[in-house]
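# Summary of structural features
Each chain, written out:
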Amino acid sequence: MLNLARFHGGLHLPNNKDLSNQAPLHQASIPKKLVYPLMQRPGVSVDPKVQVGDRVLRGQVIAYSDHPLATPVHAASSGIIEAIEERLIPHPSGMADVCIVIATDGKDESLVTQGVADFSSQDPAAIRSAIKNAGIVGLGGAAFPTAIKLNPGPQRKLDTLLLNGAECEPYITCDDCLMQNQPESVLVGAQILLHSLHIERCIVAIEDHMTRAYARLTQAVAALNDPRIIVVQVPAIYPTGGEKQLIKVVTGKETPSGGIPADIGVLCVNVGTASAVYDAVCNGKPLTERVITITGRGVKEPQNRYVRIGTPISELIEQCGGYTEHVERLIMGGPMMGFALPDDEIAVVKATNCILAGTAADINTGKQAMPCIRCGDCAKACPVDLLPQQLYWHSRAGNLDKCKEFSLFDCIECGCCEVVCPSHIPLVQYYRSAKSKVIAKAKEAEKASVAKRRHDMHLERKAKEQAEKAERARLKKEALAKVKQANAEKEGVTQ
């Protein structure tokens, strides 16, 4: 039995999870089109490996890049490449980017793939390679390449694998649903990760209201008879599902500021990611679908579905009965950390865990921001133990150095400060803006540094060339002087 710790702050929020977790897990139908953005994260894009008119099969790589943070993109069904063009992509700014569009043919023909019968006989490097080639990323929202996470480097010694099933954000139930329906795939995925990491301890953490998932997982652990794996229930306090917060609760360890969990011996992986690892290694299946929650009072039949990655949201909403007349906003993610979408033709991506069709009852709209009254409620609620009020003042004033002094980049943008703010100040917007400015300033400084190095190298090269030229001139002058001297001596001898 673990002694659970408590992180600073946090909130008890209405979870609204009963909207979607009462219905059975459905398989979404194959959409008419599949859309795949080439941009995977800021500064990381993949290149198309197909051309318009090509026919592709499910599981075929359609885009890839050698960038270390890029993962291959696989077609989620068979069809014809209809276009490679700019379309709106899921991004807080509402930006567009180049996308590959597949017109599906309804045949759903797949590449023939084969997994390994005994993963324990595989070298960890081979497992990481299989995970990378399958395009697996963190399915909890960050979408960081899993293969990179599994190679923390020799300077970090891991002792604990933490499977994150603490789905703390309101409305989202995709992980709960997955653990109820496929606990074995989650746990075998955990065994594969334990083998690849050479560690002997795995903790599966879920929130204490997930009673059915807890029962299914404990039964599956007993059937596996693997003493390395335990299942624990943690209090449903938002944002317990945050990586650093969950580590604090379960292990009592604090992840250092600016550090990563591997620095304290912990690797945290989402339960959906573990299930995807199982599929990749044991069944040879790349990441082409995932469980997604379609919920909110703005959709008629909230539920969880296994969805092909690349499916337009409009088709998912249609499969869930369509919109209600009260729908006001479409959000990718939850109401706390998600972002509004301008159009439902945008497709789901690997990081999509929830589509929230919100009404006025689901989302906070129309509240007028007022001046800060310095009440300090934001500091009490902050789960990272920051000073949100100070960050607000300095970000608003554009004092980026002060923002960094107050640990701006430790902010996880959970929105707790906004919820408790009596002045309804959009604090997270200020923090995101300040982070963007700091990053942009750093990039400009790096560009200036590169330009300065180039200029200095140019000056050094010119000075070296001039010195070499002067040396050649000196040697030539000495050689001419020696010739003159020799000629003069010869003439003297002749006389």
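Before any of the text, the structure's been laid out above.
Here is a short report on the structure shown in this document. (Residues numbered from 1 in each chain as written. Predicted model: local features only at pLDDT ≥ 70, side-chain atom pairs only at ≥ 80, totals over all residues. Heavy atoms only, no water.)

## Here we look at the overall build of the protein
We apply this condition: Only DSSP runs of H or I with at least four residues qualify as helices, and only runs of E with at least two residues qualify as strands; both kinds are numbered from the N terminus onward. Exposure categories follow from relative accessible area, calculated using a 1.4 Å probe and restricted to protein chains: below 20% of the type maximum is buried, above 50% is exposed, and the middle band is partly exposed. The Shrake-Rupley method, run with a 1.4 Å probe, gives the accessible areas here. Residue values count only the displayed protein chains as cover.
Within the protein, the regular secondary structure consists of 14 helices and 19 strands. Across its three principal axes, the protein shows a C-alpha extent of roughly 120 × 65 × 50 Å. In the protein, buried positions account for 46% of the 495 residues. Of the roughly 24000 Å² of accessible surface on the protein, 52% is carried by carbon and sulfur atoms.

## Details of the sheet that holds strand 10 (residues 96-104)
Stated formally: Only strands joined by at least two bridges in the DSSP assignment are considered to pair.
Judged by pairing direction, the sheet is antiparallel, and its 4 strands sit side by side in the order 2-10-9-6 without closing on themselves. The open sheet is flanked by strand 2 (33-37) and strand 6 (55-56), the only strands paired with a single partner. Pairing geometry for strand 9 (residues 79-88) and strand 10, over 9 bridges, is antiparallel. Paired with Ile84 across the two strands is Ile100, which belongs to strand 10.

## Quick notes on helix 2 (residues 124-133)
The test is simple: An arc is given here, and it is the one of the directions from the helix axis to the C-beta atoms. Residue contacts are counted whenever heavy atoms from the two residues lie within 4.5 Å of one another. Under this definition, polar contacts are N or O atom pairs within 3.5 Å; protein pairs additionally need one hydrogen-donor-capable and one acceptor-capable atom, and for neighbouring residues in sequence, both atoms have to be side-chain atoms.
Those residues of helix 2 that sit buried are Pro124, Ile127 and Ile131. Viewed along the axis of helix 2, the buried residues span an arc of 60°, placing them on a single side of the element. Along its buried surface, helix 2 packs onto helix 3 (146-149), helix 5 (183-197) and helix 8 (271-283). Measuring from the backbone nitrogen of Ala125 back to the side-chain oxygen at the start of helix 2 gives 2.9 Å, which picks out Asp123 as the cap.

## With respect to the packing of aromatic side chains
Here is the rule: Stacked, edge-to-face and tilted are the three classes for Phe, Tyr and Trp ring pairs, Trp counted by its six-membered ring, which pair at centre distances within 6.5 Å; planes under 30 degrees apart are stacked, over 60 edge-to-face, the rest tilted. Here, a charge over a ring means that NZ of Lys or CZ of Arg falls within 6 Å of the ring centre while also lying within 35 degrees of the ring normal.
One pass over the full model with this rule turns up 2 aromatic pairs. Here Tyr392 and Trp393 contribute two aromatic rings whose centre-to-centre distance is 5.2 Å and whose plane-to-plane angle is 45°, an arrangement assigned as tilted. The class of Tyr392 is buried, set by a relative accessible area of 4%. Ring geometry for Tyr392 versus Tyr430: centroids 5.1 Å apart, planes at 80°, classification edge-to-face. In this pair, Tyr392 is assigned in helix 11 (residues 388-397) and Tyr430 in helix 14 (residues 427-494), connecting sequence segments 38 residues apart. Residue Tyr430 is classed as partly exposed on the basis of its relative accessible area, which comes to 29%. Put simply, the rings of Tyr392, Trp393 and Tyr430 pair up and form one aromatic cluster. The ring of Phe7 is capped by Arg6, whose NZ or CZ atom sits 5.4 Å from the centre of that ring.

## As for the packing of helix 5 against helix 8
Here is the rule: All axes are obtained by fitting lines to C-alpha atoms, using only the stretch in contact for helices, and the reported angles, taken between N-to-C directions, cover 0 to 180 degrees. Any angle that falls under 35 degrees is termed roughly parallel, while one over 145 is termed roughly antiparallel, one within 65 to 115 roughly perpendicular, and all others oblique. Three residue categories are used. Nonpolar comprises Ala, Val, Leu, Ile, Met, Phe, Trp, Tyr, Cys and Pro, charged comprises Asp, Glu, Lys and Arg, and polar comprises the others, including Gly.
As a packed pair, helix 5 and helix 8 sit with axes 7 Å apart at the nearest point and diverge in direction by 75°. Comparing their axes, helix 8 and helix 5 come out roughly perpendicular. Along its contact with helix 5, which presents Ser185, Val186, Val188, Gly189, Ala190, Ile192 and Leu193, the element helix 8 presents Val271, Ala274, Ser275, Val277, Tyr278, Val281 and Cys282. Among the residues making up the contact of helix 5 with helix 8, the classes are represented as 11 nonpolar, 3 polar and no charged.

## Details of the state of the cysteines
Condition: Disulfide assignment relies on a single distance test, namely cysteine sulfur atoms paired within 2.5 Å.
Considering all chains together, one arrives at 0 disulfides under this definition. Here Cys282 stays free of any disulfide, with the sulfur of Cys202 as its closest cysteine sulfur at 15 Å.

## Structural notes on the side chain of Glu169
As a reminder, the rule being used: As used throughout, the charge tally considers Lys and Arg to be positive and Asp and Glu to be negative, leaving His and the chain termini uncounted. One speaks of a salt bridge when a side-chain nitrogen belonging to Lys or Arg is within 4 Å of a carboxyl oxygen belonging to Asp or Glu.
Inspection of the secondary structure puts Glu169 in the loop between strand 11 (160-165) and helix 4 (174-181). Here Glu169 occupies a buried position and makes no salt bridge, while the nearest side chain of opposite charge, Lys17, is found at 8.4 Å. Reaching out from Glu169, the side chain makes a polar contact with the backbone nitrogen of Met337 at a distance of 2.8 Å. Setting aside its immediate chain neighbours within four residues, Glu169 contacts Lys17, Tyr238, Gly334, Pro335, Met336, Met337 and Gly338.

## Comments concerning the sheet that holds strand 13 (residues 229-234)
In any sheet, the strands associate via hydrogen bonds between backbone groups, in a parallel or an antiparallel arrangement. As summarised here, the arrangement of the 4 strands in space is 13-12-11-14, forming an open sheet in which the pairing is parallel. The sheet is open, and its two borders are formed by strand 13 and strand 14 (266-270), each paired with just one other strand. Averaged over neighbouring strand pairs, the angle between their axes works out to 25° when direction is ignored. Two elements, strand 11 and strand 14, share 5 bridges in a ladder whose sense is parallel.

## Quick notes on the pairing of strand 10
Here 5 bridges tie strand 2 to strand 10, and the two strands are oriented antiparallel to one another. Residue pairing across strands places Tyr36 opposite Ile100, the latter belonging to strand 10.

## Description of the packing of helix 4 against helix 8
Where helix 4 contacts helix 8, the axes come no closer than 9 Å and their chain directions differ by 45°. In terms of their interaxial angle, helix 4 and helix 8 are classed as oblique. From helix 4, Asp175, Leu178 and Met179 reach across to helix 8, where they touch Val271, Gly272 and Ser275.

## Concerning the side chain of Thr288
Within the fold, Thr288 resides in the loop between helix 8 and strand 15 (289-295). Polar side-chain contacts of Thr288 include one of 3.2 Å to the side chain of Arg58. Every residue in contact with Thr288, bar those within four places of it in the chain, is listed here: Arg58, Gly59, His74, Ala75, Ala76, Val307, Arg308 and Ile309.

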